[in-house]
Structure formats: C-alpha cells, structure tokens
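A look at the structure
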Amino acid sequence: MQLSTLSLFPFSVPKFLHIKASREGESRCYFTLNQGFNRSNKLSRYIVTRSQLGGTGILDATNSLSEIKPSPKFRGVCFYGMTVMAGVLPFGILIVAHPLALIFDPYKTKFYNLIPKLWATASIAPFFDIELEGLENLPPQNAPAVYVSNHQSIIDFYPLLTLGRSFKFIGKNTVFLYPGIGWAMYILGMIPVKRMDIRSHLEAVRRCMDLVRNGASVFFFPEGTRSKDGKLGDFKKGAFTVAAKTGVPVIPMTLIGTGEIMPAGMEHVVNSGSVKLIIHKPIKGNDPEILRLLARNTILDTLSIEAQKKKTALISSKPSII
Ligand SMILES: CCCCCCCCCCCCCCCC(=O)OC[C@@H](O)COP(=O)(O)O
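Nothing here was measured: the structure is a model prediction, and the numbers come from that model.

1. Concerning the UniProt feature "domain: Phospholipid/glycerol acyltransferase" (unreviewed entry) in the chain
On the UniProt side, "domain: Phospholipid/glycerol acyltransferase" (unreviewed entry) is annotated at positions that read residues 145-258 here. For the annotated span residues 145-258, helix accounts for 33% and strand for 21% of the residues, and the straight-line distance between the end C-alpha atoms is 24 Å.

This is the structure in structure tokens:
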C-alpha cells in the first residue's frame with residue numbers, strides 16, 4: 001500500500017511540498033450491528049479518513065490514496081488574492097507610465113503588451129494550465145486585427161492576455177468602475193459599451209475603427225454576454241462591421257474550459273480543470289454579415305468537436321469491471 005499525499009495547497013505544487021501521511025496500514029475498521037464501528041487499534045482514525053477521502057471504499061481498498069483536493073471556494077479565495085497581489089506592481093507601472101504613453105504611444109499599441117501578459121500569467125498559473133493551439137494563425141504583433149471569441153466566464157480574458165497582444169477589449173461600461181482592473185482598462189484605452197444603448201454602440205464602433213486604423217487591435221466577445229449553459233449565443237454585428245469597414249482580418253478564437261472552472265453566476269469558485277485556447281485562421285472580407293456567420297460557424301464547429309473529444313476521452317478513461 002502506498003502512503004497518501006495530502007496537499008494543503010489549492011493548486012498543483014511540487015511533490016516536495018506535499019505532506020505525507022505518517023502511517024500506513026490495512027483497514028482494521030469493521031461494522032457490526034451491535035457495536036457500530038470497532039476501533040481495533042490506533043490506526044483506525046487514519047484508516048477511516050483514507051476510506052472516506054480517497055473514495056476507495058471496500059471494492060478497491062488496495063488503490064493508492066487520493067490527494068485531498070481543496071474546495072473550489074477556497075481556491076476561489078486564493079485566486080482573487082493572487083490576482084490582486086500580482087496586480088499591485090503592474091498597476092503602479094501603468095499609472096507612472098501613463099503620461100509617457102499619452103505622448104509617445106497614444107493608441108497604446110507598444111507600451112502595454114507585456115504588463116497584462118505578466119499579470120494574467122501570474123494570476124492563473126497556480127490554478128490551471130492553458131493549452132494553446134493555432135499560434136501560427138496570429139498576425140504579427142503590430143498588424144491590427146479584430147479578434148473575437150466565445151464568452152463563458154469572467155476569467156476568459158486571462159488566457160487571452162497571456163498571448164501578449166495589446167488587445168483593446170470592448171467591455172460593459174460598469175466593468176470600468178471596478179477598482180483596479182476597471183481603472184487599468186481605462187488607462188489601457190479599452191472601450192466601454194452601455195447595454196441597450198444604440199448611441200453607445202455606434203460610438204464604440206467608431207472608436208474601434210479609429211484604433212484599428214492607427215495600428216491597434218480590438219477584442220470583442222460578440223455574444224455580448226456570458227453563455228450561461230455553455231451554448232454559443234448569437235453574434236452581434238459590431239466587431240464584423242469594424243473589420244469590414246477597415247479591411248483588417250477577423251481572428252476567431254475558441255475558448256474551452258473557462259466555463260467549467262468559473263461558471264457564470266458562480267464567481268466565488270475556481271474549479272479544477274484546464275483551458276484550451278484555439279486561434280483560428282484569419283477571415284477577410286467586406287461584408288460584415290458573411291464575416292459574422294463565418295466566425296460564428298468556425299467557433300461553433302470547434303466547440304462541438306472539442307465536446308465530442310472530451311466525451312470520448314471520458315468514456316475510454318472509465319474503469320470497467322470485468
Ligand atoms: C491590475 C493590472 C492589470 C493590467 C491589465 C489589465 C487588463 C484587463 C483586461 C480586462 C478585460 C475585460 C474584458 C471585459 C469584457 C466584458 O465586459 O465582458 C462582460 C462580461 O464579462 C459580463 O457580462 P455579463 O455576462 O452580461 O455579466
């Protein structure tokens with residue numbers, strides 16, 4: 001029988017930081033109608049714990065002990081703590097550099113690639129891995145483009161920022177009021193949009209076209225809101241109007257896994273899991289409707305292929321009783 005490893009950390013840590021259970025032994029607990037649990041020796045407490053936590057039960061009592069996983073709520077608290085701590089220095093740099101950026105880089109295409117990347121990487125690295133696919137489809141750093149992706153979670157922008165591109169996100173106007181992150185978005189020249197306000201939408205499209213014509217890249221979540229059930233919503237036109245009118249490519253991206261890690265409406269938890277970010281081939285054209293359909297179909301097809309792959313992997317990983 002193997003010793004168990006009890007991890008006190010909310011995330012993967014090197015093996016040497018794990019605490020080993022100090023005893024090993026066989027199950028000595030048994031249950032009788034008259035006596036309830038009999039404790040035959042001092043080891044029993046440990047053994048009951050193993051049986052409950054490892055989920056090993058009687059059938060597979062010879063299995064190695066499972067790791068104790070910290071609760072998603074605890075991981076959530078650690079995640080927010082981490083992202084705030086990791087943000088202090090970058091936020092200070094943003095504030096100090098802001099006057100210089102206003103003079104030398106008004107469209108903020110050069111100064112700010114690295115800061116969001118470092119912050120996002122430090123924030124999520126202890127909690128989940130990101131698998132990147134299609135990096136070769138990314139246009140060169142200084143080539144303006146309209147990026148779009150599906151939206152499932154408020155953590156979606158972290159994997160996107162790890163790409164190190166100075167995306168100008170189009171965000172809900174209320175997000176710009178959040179302390180720290182909202183103010184950073186304002187400093188980074190991101191674009192607020194007021195829901196159900198056509199004037200604000202037109203103004204956002206005008207500002208995006210201005211940015212793109214001056215070498216910046218914009219990022220839309222064209223569903224306009226997070227998917228609550230994992231299904232891809234309808235795409236709004238704004239992103240594709242910007243691309244069609246300015247002649248820059250649309251780069252569709254598919255994000256997989258963020259919705260399971262922090263589902264919409266459950267912003268206090270960080271479940272374990274991993275994220276996959278797929279960057280698709282650029283789409284070009286001057287008809288916004290065609291761009292919209294092509295981008296949505298690309299993401300929709302990819303989501304269904306990935307869901308199928310996951311299902312197949314789950315089925316083949318299930319132990320069968322012979
Ligand atoms: C602190 C130093 C940090 C430096 C880098 C900061 C970069 C921050 C980039 C943040 C990008 C945020 C994009 C938000 C887009 C947005 O606004 O999405 C809205 C949805 O989610 C919520 O809508 P809903 O699902 O309807 O509630």
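2. A few points about a positive patch on the surface
A contiguous patch of positive charge on the surface is contributed by Lys172, Arg195, Lys228 and Lys236. For Lys172, the location among the structural elements is in strand β7 (residues 167-172).

3. Examining the UniProt feature "transmembrane region" (unreviewed entry) in the chain
The UniProt entry lists residues 77-104 and 175-193 under the feature "transmembrane region" (unreviewed entry), expressed in the numbering used here. What you have in residues 77-104 is 100% helix and 0% strand, and the ends, taken at the C-alpha atoms, are 39 Å apart. Summarising residues 175-193: 37% helix, 16% strand, and an end-to-end C-alpha distance of 10 Å.

4. A closer look at the nonpolar core
In terms of nonpolar packing, the biggest core is built from 40 residues, with Leu160 and Met253 touching the most fellow members. For this core, the secondary structure elements donating two or more residues are α2 (72-104), α3 (114-124), α4 (157-161), β7, α5 (181-187), β10 (250-256) and β11 (274-279). The greatest single-element share of this core, amounting to 5 residues, is contributed by α2. Each residue touching Leu160, except ones within four places of it in the same chain, is listed here: Ser149, Phe167, Phe169, Phe219, Phe221, Met253, Leu255 and Leu277. In this structure, Val148, Ile170, Ala239 and Ile256 belong to the second largest nonpolar core, which totals 30 residues.

5. What about unusual backbone geometry?
You will see that Met196, though not glycine, has its phi angle at about 60°, which is positive. Relative to the elements of secondary structure, Met196 occurs in the loop between β8 (191-193) and α6 (198-213). For Met196, a relative accessible area of 83% corresponds to the exposed category.

6. Section: the site of the ligand
Near the ligand you find 19 residues, and of these His151, Lys172, Arg195, Thr225 and Arg226 are the closest. In this structure, an oxygen atom belonging to the ligand sits 2.8 Å away from a side-chain N or O atom of Arg195. Notes on the ligand: free accessible area 730 Å², of which the protein chains cover 91%. Those elements that place two or more of their residues in the shell around the ligand are α3, α4 and β7.

7. Focus on the sheet that holds β10
Strand order in the open sheet made by the 7 strands is β5-β11-β10-β6-β9-β7-β8, with mixed pairing throughout. Strands at the two margins of the open sheet, each flanked by one partner only, are β5 (129-133) and β8. When the angles between neighbouring strand axes are averaged without regard to direction, this sheet yields 25°. Its contacts with the sheet place α6 against β7, β8 and β9 (217-220), and it is angled at close to 165° to β8. Its contacts with the sheet put helix α7 (residues 238-246) on β6 (146-149), β9 and β10, and the angle it makes with β6 is roughly 155°.

8. Examining the side chain of Ser200
Tracing the backbone shows Ser200 in helix α6. Excluding residues within four positions of it along the chain, Ser200 makes contact with Pro192, Val193 and Lys194.

9. Observations concerning a nonpolar patch on the surface
A surface patch of nonpolar side chains, about 450 Å² in accessible area, is lined by Leu100, Leu102, Ile103 and Phe104. Along the polypeptide, Phe104 turns up in helix α2.

Conventions we followed
Residues numbered from 1 in each chain as written. Predicted model: local features only at pLDDT ≥ 70, side-chain atom pairs only at ≥ 80, totals over all residues. Heavy atoms only, no water. UniProt positions renumbered as here; feature names shortened; annotations may be inferred. Helix = DSSP H or I, 4+ residues; strand = E, 2+ residues; numbered from the N terminus. Patch = residues over 30% accessible without salt bridge, like charges linked within 9 Å, V, L, I, M, F, W, Y side chains within 5 Å. Areas by Shrake-Rupley, 256 points an atom, 1.4 Å probe, with all protein chains shown as cover. Salt bridge = Lys/Arg side-chain N within 4 Å of Asp/Glu carboxyl O. Lys, Arg positive; Asp, Glu negative; His and termini not counted. Charge placed at Lys NZ, Arg CZ, Asp CG, Glu CD. Core = buried A, V, L, I, M, F, W, Y, C linked by side-chain atoms within 4.5 Å. Buried < 20%, exposed > 50% of the residue type's maximum accessible area, 1.4 Å probe, protein only. Contact = heavy atoms within 4.5 Å. Near = heavy atom within 4 Å. Polar contact = N/O pair within 3.5 Å; in protein donor to acceptor, adjacent residues only side chain to side chain. Pairing = 2+ DSSP bridges. Axes fitted to C-alpha atoms, helices over the stretch in contact; angles between N-to-C directions.

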